[in-house]
Amino acid sequence: MDAHGSLEVRWVQGFTSKNVQFVDKKTICYACGIYICFLNLETKIQSLLPSPGRGLGAFTANGNSGIIAFSEQKLHPSIFVYVFPELKLKNELKGTAQLDYTSLALSDGGPYLACCSALPDHTVTLWNWESGEILCSQPQAGKDAISLVFNPMNGLQMCAVGTATLTVWNIEKSASFHVMKPSVVQLPAADGSRVEEEEHRSDRLTCLGPRKPSTAISGLKGAEAESVMRRHCTKSRLTPAAICWTATSKLYVGCEEGFLLLLDPESLSVSVVFNPKDSSSIPELKQDIFLGLAFNGNHLVAAGKERTQCLQIKGTKIEVTETWEFKGPASVTYSPDYETLILSSDLGQIYTINSSQSEKMVKVLDVHSGSFVAGALLHPDENICVSVRDSGVLQLWSSDGLCLGFLSLHVEVTTLACCPVAQCAAVGTKSGHVLFIDLNKETQPRLVHQVHLYRRPVDHLVFDQEGHYLLTGASDLRVYVLDAKPSNTFSVIGHTVVPGPILSLSTQCIRDDEQVKVLALCTEQMDQKCEGSLLTLLTLPTKGLTGPECVDRHGCLSHQVLKESRYKVPHPLTSCVLGVGEFFAYCHRRKTLQRFLLPQDTGHLSSQQVVQLKPDQEVKGHPLGPASLALSPHRSWLASGGRDGLLCIWPTASMELYKETQCHSWRLGGVGGVSFSADSQKLVTAGLSDGSLLCTKLRLNDLGAGDMNKATHYSRALADFLENTFKTENSFLSHLAELCPGSSAAAETAKETEVSILAEMVDGTEQEQRSTLSDLTWLESKQEAVVKEDNQHYYETKNQLRKTIRELRDAVQEMMQENETLPDMERLEQREFNLDVEEQKRLEAMVEQEVTKLRNEIELENLAKCYTCDVLKREFWYSMKVKGRAIKAFQSEHEVKNYAMKERTEKELEDLRRVQNMRKIENAACVNETLKKRSKTSSAGEEEGGEEGQESAALTGSLSAHLGVSDPYMCDQFELQTTEQKINQITLLQDAIHQIKTAFNAEFEVVHRQKLQELSRVKDRNGRIREITEELNVSETLWEPSLTDSECPERALTVDDSKIKVEKYLTPEQREEEERKLLEEQRRMAAMGEDTRGKALGVMMEGVLQVKKEDILKMEIPAPEFVLTKPDSQWSEEEKKAFKEFENKATELSVEQKKYRKVLESEMKKLQESNKEAAERFDKGLTKLSERKMKSEMAIHQEELKITSLVYSVHTEEEIRRRELAVRLQLEEKLAYKDETREELKKYKDEEAVCHETYDSVVAEDKILDKDFRKEFFDVPNPVVDLLYKLYKRRPRVQKMRTQTDNNLNPFKEQRLCGSMAPDGFSKMLKAMEELDAVENMPEGLNQTAWEKFCLIRRTKVESEQQVKLKALALAEMQAFLQKRLDEDEALQQEVRNLTEELESLHKEKSRFLSDVMVQVLIKQGQVEVAPTGLAADYSGSILHHRSVVEDLNTTIRMHAEQKLATMVECKDFRKGIIQQEWENKRLRMLIEDLQTKARDLQMLRLNEEQREYLKETNRGSHTSRHISNLEKSMALKEKMHLKRLQQHQNKISQLNRQAALKAEKNAVLEQQLADMEVTVAERRHVYEAIAVEDNQAAQTHERYQEIVQRKKLQDLARAQAQELALLHTEAERLRMKNFPALDQLKHS
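The structure contained in this document is the topic of the report that follows. Worth saying up front: this structure is predicted, and the values here are computed from it rather than measured.

Let's shift gears to the sheet that holds strand β25 (residues 299-303). Taken together, the four strands give an open sheet; going across it, the order is β24-β25-β26-β27, and neighbouring strands pair in antiparallel fashion. The open sheet terminates on both sides in strands that have one partner only, identified here as β24 (292-296) and β27 (317-325). Averaged over all neighbouring strand pairs, the angle between strand axes comes to 20°, with direction disregarded. Taken together, the five bridges between β24 and β25 define a ladder with antiparallel strand orientation. Residue pairing for β25: N296 is matched across the bridge by H299.

Mapped onto the elements, H368 comes out in the loop between β31 (362-366) and β32 (372-377). Under the relative-accessibility criterion, H368 is labelled buried at 15%. At a separation of 3.2 Å, a polar atom in the side chain of H368 contacts the side chain of Q395. Once residues within four sequence positions are removed from consideration, H368 is found in contact with F15, L347, G348, R389, V393, Q395 and F406.

Quick look at unusual backbone geometry now. What is expected of a backbone is that most residues other than glycine have negative phi and most peptide bonds are trans. Omega for the bond connecting F84 with P85 falls within 30 degrees of zero, at 10°, which places this linkage in the cis form. Position of P85 relative to the elements: it lies in the loop between β8 (78-83) and β9 (88-94). In this model, L119 is joined to P120 through a cis peptide bond whose omega is 0°. Following the sequence through the fold, P120 ends up in the loop between β11 (112-117) and β12 (124-128). Phi is positive for F490, close to 50°, though the residue is something other than glycine.

On the surface, a cluster of negative charge is made up of E807, D810, E814 and E818. Within the secondary structure layout, D810 lies in helix α9 (residues 795-820). With relative accessibility at 36%, the residue D810 sits in the partly exposed group.

Once that is clear, we can look at the pairing of strand β36 (residues 413-418). Burial runs high along β36: five of the six residues are buried. The pairing of β36 with strand β37 (residues 424-429) spans five bridges and is antiparallel. Across the sheet, L416 pairs through a bridge with V427, a residue of β37. In textbook terms, the turn of a hairpin is the stretch between consecutive antiparallel strands, and for β36 and β37 this stretch comprises five residues.

With that settled, the discussion passes to the side chain of S533. With respect to the secondary-structure elements, S533 resides in strand β46 (residues 532-541). Apart from residues no more than four positions distant in its own chain, S533 is found in contact with C522, E524, Y567, K568, V569, H571 and P572.

This brings us to the sheet that holds strand β13 (residues 133-138). One open sheet accounts for four strands, arranged β10-β11-β12-β13; its pairing is antiparallel. A single partner strand is all that each edge strand has here, and the edge strands are β10 (101-106) and β13. Looking at each pair of strands side by side, their axes are set apart by 20° on average, direction ignored. Where β10 meets β11, five bridges bridge the pair, whose relative direction is antiparallel. Among the inter-strand pairings, Y101 is bridged to a residue of β11, identified as S117.

What follows deals with the pattern of salt bridges. Pairs can form between side chains of opposite charge whenever their charged atoms are close. The full count for this structure, using the stated rule, is 51 salt bridges. Notably, a salt bridge pairs R595 with D616, separated by 3.8 Å at the nearest N-O pair. A residue pair is termed long-range when its members are at least 10 positions apart, and R595 in strand β50 (residues 592-597) and D616 in the loop between β51 (610-612) and β52 (617-620) qualify at 21 residues. The exposure class of R595 is buried, given its relative accessible area of 11%. With a closest N to O distance of 3.9 Å, K881 and E903 form a salt bridge. Of this pair, K881 sits in strand β60 (residues 880-882) while E903 sits in the loop between β63 (901-902) and α11 (906-925), placing them 22 residues apart in sequence. By relative accessible area, which is 53% here, K881 ends up exposed. Residue class for E903 comes out partly exposed when judged on its relative accessible area of 49%. Here the salt bridges share partners, and the residues they tie into one network are R553, E789 and D790.

Turning our attention to the packing of helix α14 (residues 979-1032) against helix α18 (residues 1133-1267). The geometry of a pair of packed helices is captured by two quantities: the angle between their axes and the separation between those axes. Taken N-terminus to C-terminus, the directions of α14 and α18 make an angle of 170°; their axes are 9 Å apart at the nearest point. Relative to α18, α14 is oriented roughly antiparallel. In this structure, α14 meets α18 at a crossing whose hand is left-handed. Residue composition of the contact of α14 with α18, grouped by class: 27 nonpolar, 11 polar and 18 charged.

Conventions and cut-offs
- Residues numbered from 1 in each chain as written.
- Predicted model: local features only at pLDDT ≥ 70, side-chain atom pairs only at ≥ 80, totals over all residues.
- Heavy atoms only, no water.
- Pairing = 2+ DSSP bridges.
- Helix = DSSP H or I, 4+ residues; strand = E, 2+ residues; numbered from the N terminus.
- Axes fitted to C-alpha atoms, helices over the stretch in contact; angles between N-to-C directions.
- Buried < 20%, exposed > 50% of the residue type's maximum accessible area, 1.4 Å probe, protein only.
- Polar contact = N/O pair within 3.5 Å; in protein donor to acceptor, adjacent residues only side chain to side chain.
- Contact = heavy atoms within 4.5 Å.
- Patch = residues over 30% accessible without salt bridge, like charges linked within 9 Å, V, L, I, M, F, W, Y side chains within 5 Å.
- Areas by Shrake-Rupley, 256 points an atom, 1.4 Å probe, with all protein chains shown as cover.
- Salt bridge = Lys/Arg side-chain N within 4 Å of Asp/Glu carboxyl O.
- Lys, Arg positive; Asp, Glu negative; His and termini not counted.
- Charge placed at Lys NZ, Arg CZ, Asp CG, Glu CD.
- Parallel < 35°, antiparallel > 145°, perpendicular 65-115°, else oblique.
- Left-handed = near helix turned anticlockwise from the far one by under 90°.
- Nonpolar A, V, L, I, M, F, W, Y, C, P; charged D, E, K, R; others polar.

Put into structure tokens, the structure is as follows:
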């Protein structure tokens, strides 16, 4: 179609960015998709500039020069520079950016273009857009830059705004050389306060060493160290949001926190103009932030989220002069003449304010915001386009792209379709509603009807071509058919179900067959949402689709009227469109467009049978898919729009030629949807995410006129056919009542009213389970109505069934109750009463699944806990050489803990040995000096020795020597100078701490063993006391001490059975092991037998053969029998004697019992006293151990304090070294940079000298012209020459005239321009000189020739003066550039000097720090409880108390502490009870699981028929005999079958033998024939060979002759060579024998 026509963009709508720029005084431009839209503010005429590349990136414009610059979106993008209004490409700038540009800026002072690239280089580049060359660049300088703004007063200065920084760039130039110098601005803190920088140097040496910067402490190096530490170590700063330059070259900075700052780029000083946190600030400004700034003289226009205000700033005072309410984040821009102010926002609105005419805002553009969902052209008026945005805004556009009207639906929409028989549109929403909009009034669209169809978004809406039906599709497999006519109020006819979620839906109306065909592309799986290979073709009649024979009660279309065919394609498709007898589709996997032909004879197939289709034609499609397809109404053109943003037109006849154009950005999703107009000549595309709507027109030339006429004819014919219907339906549509967006339709309200009447008859329980009727979809309402109708119709039947079920339930419950009273043999199980076995199995399976899931979770949790336990054991128990434990006192809560110690590693021991060996060598070297000191006088030696002893005791710094720990290798604190000595001292101190802990642990073990012995003794004493109390028959509370958990820490690793209050859960393997052990124990007890003798002895004498003394208290003398049977008066003499003996024995026994009782009581008291004394004695020993522990702790802490001081000293020394390295690195970098700049500075000086010489020569030439003036007019009289000289010096006043006539309001009109970029006034001067050269100005007495010569000389003089000015400007520019380089060189030299001084200062600090050693001194501790406030304590506010007051206070504190501990113990016991309850619950849960497992095992037990018979059989013998007889019968039968099979095999063998004989006969015949055939073959071979010999005889003869000749020549050559070799051999042998005779010859001779 390229040869037939082209695609022309009619208009583009959308507003994708609030960046609006002026390109001249009356025209603005903004980005829309891949187009730049130009809007004339006076005429409202819109023009477009498409991006020549793929997509549109950053763009900017300059209203003074009419230059537009923008970047494309692709790899290695270019920057295009255009001139307005010609819209011609001025230049294409190809830079080093790899991905994208983040910002662009044009300078007012010359052809400068600044850009900042994105990842990965972040380069800030300065271009000359006229020549297309890069002037200078700075890599990695724009990491967070989001915008660049040039200074209107200085074209060589710009500001870069970052996400958190502000950078001022000064561009310095010398001739054609340019340099960019950045200056980073330090913004205030987030609260507006000033951030103090860290001081790197300090001459003050503190007690903790010299002060160092953070970089030295952290160990960072290099150029990034300072920035990293500044970013992480300082508090947050203000975030810049907008900037604008002032007429004094200062910057106003608006911050996101609401601050307004004023920046001086020269001094980089920042002052706060407005602080929102200040109580005296303006309330109106507090409520908003500064998102846009624009400067105009004494006023500053500030734009925020809610309003835009005009501020008048005088010093620190701010006054709001004007306020405009403007919602949405806004940006503000002034026109080049500063008469018009533009306000733009992200909401798609642009307002203008003209201060000279009115202060009111005038809306020039309002296109709303958001992405377009779809767009379509109305039928039959193709000049009106309808679009909807995802936010729910429906808009109508004219043929020129003007917005005619809009309607906000207040819902999220998904799709759009226009009705062909009425001026209305259908809109699908995310909530599942379909909304119908009346579009008869273009400026006031109305919502007239809505219907709720789905519980999910409506994905597809499509009308057929003649407006019979509206079909909808979503992901719930249902396609609804609605009446498309407003006269039927868009009623829902019915629905049908397709085999999968719908990806594409298209229709085709066939008027001749009175059918509407619908093609639905479906996915085969629910989770496959992008591609599908299953297609469903539905055929509907255009008439008679009503009545019960077409739609059933549930709203489902009958198969009698709905014909369905299913097809499947080989490759999944993403979209398709239906034609006549064919359909077109896009395959994303193959990136192709395919055409399929539909089979015609499918009437014999059922609707469930799937027909396989293959593409009839396939062509290359969009390289980036998926793509949307649309078929023109006359079915000759196919339009496709892909994710690559291309719109392609394909002729359906050939599918080969096409026309494409770039419509949307591929980075933002490309084309979201495409649609044709009714005349097939216009197309509307909606971008997927770029927020643009594009209307294109298909223009065909003479070659395509036939297709155009065909399309026009079809459109007119269809319009004529639908004309009457269109008028009728529009009249019905205009009379429909308007609905508020979001409300229910009138039709649905009427239906719901009818349904609510029927709902009153529904059962109350069922009514509660249903949702409210207002939220029901159409299908749910249908089903609800059917249910209610059935309920009403079968009301009596349902009541009867309920009654029957109730009776059955009562009967079953009675049976279950009766079953509980039956014996176990007759009682049925609970599950046997279950009538729904399948439901029971399902519930059991579900329970089993949950149990398995829970068991797995518990196992995983237990595994994690076991792993954690193993790690903790390995780290804190097994790795400990000495386990941590405690010893608790018997009579108090006092306890003493030992030191838990790990085994020292080999490296630690090796380091210790190395240090000790070094110290041995050092001590040996000091022996001579020590001996000299000891050789002094004894008295002086004793005195000095005593003093040294005292001094050493005071200055060792710890109490380790008092604890018996002394290391001869320990260094004196005053001798620790070097780092190695300090590290060795740390190692020795750690060994001293280890020795202190080891010594204390040894004493601790002694006390621990003592406690164990005491516990054993107390246990023995308590055993004896318990025996005595049993003998005395008294109750006595025993003191039974035991070891606590802290004394036996290994208890924490095991759990005793006594701690577990629930039954232990055993696995089946553990349960089998327990049963096995129980059986072994039973067998062992049975094997032991019964010990009758021992039992008899135990019964008679309690297991002993003599009476023990302890049994005296149990002995009783039995009274004679007559005492109980006779009174005293009837006793005989013998009986009286017997009674007297009885009394004597009883008295003696009583006396002995009393004596024995006293002995036992005294023994018990002694034992109790012994226990008490032992406890007190042990507690005293434990107190001594506690005191030793306190001293050990003091010594350990003192040694650790030494180690801490030494470690800090080592670290400080390392930090000083790092700082020294960093300073040295900086010094080396500065020196290297100085060497580099030295050559450049020399070059600049040479260039300046050359320029100066050129300037001097030009000035000299100009002076020569002055001197030679009179010589040129030697023949003219002197008065005339004098007059001519005055005219020679006269110049027109062009600049003054221009200034007087300039009335521009631009505050930046007096801008300072650079030399070569200054406005060229020379042309204006030459024009003014033409007036002076006129003949009227010629003096009298001068001829024409002399006047012309004078004019020529004066023009030469003017040109010379112009050259002098240009050279002077260039020289001044180069001198200024050179002076700045010289200043930089001086500053660099100063930095080198500063670094050198800092390096020397570091050396001094290091030496001072190493000489000033920190020493730890012990001071006797007193009863001073006043905190020291310096070197000397201040006792002015102190009180002197007696010691008892403090001790009493401490006693009270201890008492309260004990009470608190008691309360804590109670809480602990209560928590312990809670844990026990949890254990019990866990045991019960496990028991339930066990019982459920047992029940499941019993339920799952399965028996076969044989097992059941075996269990039922009571007579085992008869069963065995029957089994044997059955086996015998089986054996007889198998033997008979074996004989039969044997006979069959023998018959088969005989048959095979006969066949083998026949084969042998045939082989004999073949052998005879083979001999004859061999003879024949041999004869033929001989004949062939004879013929071949005759043919080749001549060739063979010649070849044989050649061989003979060659052989002869070779023989002659060989013979000659052999003779020559023989001669040579003879000569060699002769010479050898002559010089070296053989030994054997000598021997024989």
